[in-house]
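# Structural description and commentary
Here are the chains, one letter per residue:
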Amino acid sequence: MQMNISRAKGTKDIFFDDMKIWEYVEENIKDICLKHNINQIRTPIFEDTTLFSRSVGDETDIVNKEMYTFLDKGNRSITLRPELTAGVVRAYIENGFSSMPTPIKLWYIGTMYRYEKMQKGRYREFSQFGIEVFGSDSYLADIEVISVANELFKKLKLSDAIALKINSIGCTVCRAKYIDTLKGYLADKIENMCDDCKTRYVKNPMRIIDCKQDKCKSAKQNLPMITDYLCDDCSKDFESLKSTLSEVGIEFEIDKTIVRGLDYYNKTVFEFISKDLGLAVGGGGRYDTLVEVLGGTHTPAIGFGLGMDRIILLLKENNLVSNPKNVDVYFTVFNSNIFPKVYKLINDLRDLGYIIDIDICNRSFNAQMKYANKIKAKYICIIGEDELEEKVCSLKNMNTSQQVKVKMLAEEIDNILKGGN
Ligand code: AMP
């Protein structure tokens, strides 16, 4: 019996034109990170489950409901990474990065796995681009980190589509005082709030702030906000962050409701919100205690994760997809004997940076022309037996239909392509 196997729910295949958009975004990321002197890191897709329960937090939706966790054949509890900060921090500790020159600045792109309800822009396998900077407790590190995302959105022409929202959730000291006040305020209201909020009230009260349930809205109308309870240090840092962001020309809004869903954040937190999708494109913040929590020495750190899938969605919805890299010259060959004789020429052109393709199916000339049209080749190069004898070829501009005869030399073809004839 024939069986149809389809891809698992919440996953997707990325190919052809879409793949070219991904590559375009990835190239911009690589370029921006290089210019910021940030190094790429790759960590495993699966990690010991404890890494996530300890860092992301036992009470978060991610750890509670969304992780792909299984026992491997050696009976170890393994989890497909639901986010990458924890893995990078583990790598920081395990590889002794703390003994290297500080700050350590790292970036990554990788797939994450969360068992979530599917909707537009929400998948079970998705990709994030992120950076993590270790070893600076200064708001200047916050600026540098935020500026990477800002620069990327500028390069992709998405600046108008995305708003940066920032907040400070204080340090462990001022947060503890604030949480007492928050709990006091909610004490006589929590009974009428949703079950999740009831649990949060006990385990992580600040997360009540970003609960989206209608049931909880009225109780939250006049909630005390952390920014009114920051200690002098946190308050000074937040003020410096805001004034320096303005000074360097990075637009932002203050959003006192941002607390972030993961447990490890402190002080600066931020989100990039898509105005059209009404969804977060990314978020991040400081996590000054996480390295210590996971067994390293005290190391202040800050980072963000941006959803690649949502960036691509925004580019497509805003018609901002750059010209895909189509074939520059498609070589048609009249018979297979010609193939080896033009092979040096096509590789010389590839060395010059051109995208070159050639028939490898022994198809008729007409079929080759049809194919070149379909793949939107910019030029075709026609080489028949006679041309081969004379060491010339005909180069046809597929846009203008203009055709010229040139010597079978990469420099000659290069000249024509550069001139756009
Ligand atoms: P988080 O790690 O939850 O702060 O998410 C950071 C960013 O990753 C979000 O703003 C989204 O752009 C993206 N993201 C998170 N979860 C998903 C998902 N299930 N599908 C697609 N993108 C996601």
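What this report covers is the structure whose coordinates are included nearby. As the structure is a computational prediction, the values presented were derived from the model and not from experiment.

Here the focus is the site of the ligand. Every one of the 14 residues lining the ligand counts as a neighbour, but Arg114, Glu116, Tyr123, Arg260 and Val281 are closest to it. For the ligand, a nitrogen atom lies 2.8 Å from a polar atom in the backbone of tyrosine 123. Glycine 282 places a main-chain nitrogen or oxygen 3.1 Å from an oxygen atom of the ligand. Here the ligand loses 91% of its free accessible area of 480 Å² to cover by the protein chains.

In this structure the tally under the stated criterion is 15 aromatic pairs. The interplanar angle of 10° and the centroid separation of 4.9 Å between the aromatic rings of phenylalanine 334 and phenylalanine 365 together place this pair among those described as stacked. Taken together, the residues span a long stretch of sequence, with phenylalanine 334 in the loop between strand 12 (329-333) and helix 12 (338-351) and phenylalanine 365 in helix 13 (residues 365-374) at a distance of 31 residues. For phenylalanine 334, a relative accessible area of 42% corresponds to the partly exposed category. In this structure phenylalanine 365 comes out as partly exposed when scored by relative accessible area, which is 25%. Connected via pairs of aromatic rings, a cluster forms that spans Tyr92, Phe97, Phe134, Tyr264, Tyr265 and Tyr287. The residue whose ring lies beneath lysine 12 is tyrosine 123, and the NZ or CZ to ring-centre distance is 4.0 Å. We note arginine 124 situated over the ring of tyrosine 115; from NZ or CZ to the ring centre the distance is 3.9 Å.

This paragraph deals with the pattern of salt bridges. This model, assessed by the stated rule, comprises 27 salt bridges. Residue glutamate 317 is joined to lysine 120 by a salt bridge in which the shortest nitrogen-to-oxygen separation is 2.6 Å. In this pair, glutamate 317 is assigned in helix 11 (residues 308-317) and lysine 120 in the loop between strand 5 (104-113) and strand 6 (125-134), connecting sequence segments 197 residues apart. Between glutamate 151 and lysine 154 there is a salt bridge whose closest N-O contact spans 3.8 Å. Highlighted residues: glutamate 151 and lysine 154, both in helix 5 (residues 139-155), separated by 3 residues, approximately one helical turn. Given the relative accessible area of 27%, glutamate 151 is considered partly exposed. Each of the salt bridges in this network shares a partner with another, and the network as a whole consists of Asp31, Lys35 and Lys155.

Calculation rules
Residue numbering note: each chain is counted from 1, following its sequence as written. Selection of residues for local features in this predicted model requires a pLDDT of at least 70, selection of side-chain atom pairs for listing and counting requires 80 or more, and totals for whole chains, interfaces and linings are taken over all residues. As a rule here, side-chain values come from all non-hydrogen atoms in the structure, and water together with hydrogens is ignored. Throughout this document, a residue counts as near a molecule or strand when at least one of its heavy atoms sits within 4 Å of that molecule or strand. What qualifies as a polar contact is a pair of N or O atoms within 3.5 Å, subject to a donor-acceptor requirement within protein and to the restriction that residues adjacent in sequence count only when both atoms come from side chains. Computed by Shrake-Rupley with a 1.4 Å probe, the accessible areas treat only the displayed protein chains as cover when residues are assessed. When the centres of two rings from Phe, Tyr and Trp lie within 6.5 Å, Trp using its six-membered ring, the rings pair. Their planes under 30 degrees apart give stacked, over 60 give edge-to-face, and anything left gives tilted. Going along the chain from the N terminus, every DSSP run of H or I of four or more residues is numbered as a helix, and every run of E of two or more is numbered as a strand. Only protein chains enter the calculation, and the probe is 1.4 Å; a residue is then buried if its accessible area is under 20% of its type maximum, exposed if over 50%, and partly exposed in between. Any Lys NZ or Arg CZ found within 6 Å of a ring centre and within 35 degrees of that ring's normal is scored as a charge over the ring. Any carboxyl oxygen of Asp or Glu within 4 Å of a side-chain nitrogen of Lys or Arg constitutes a salt bridge here.

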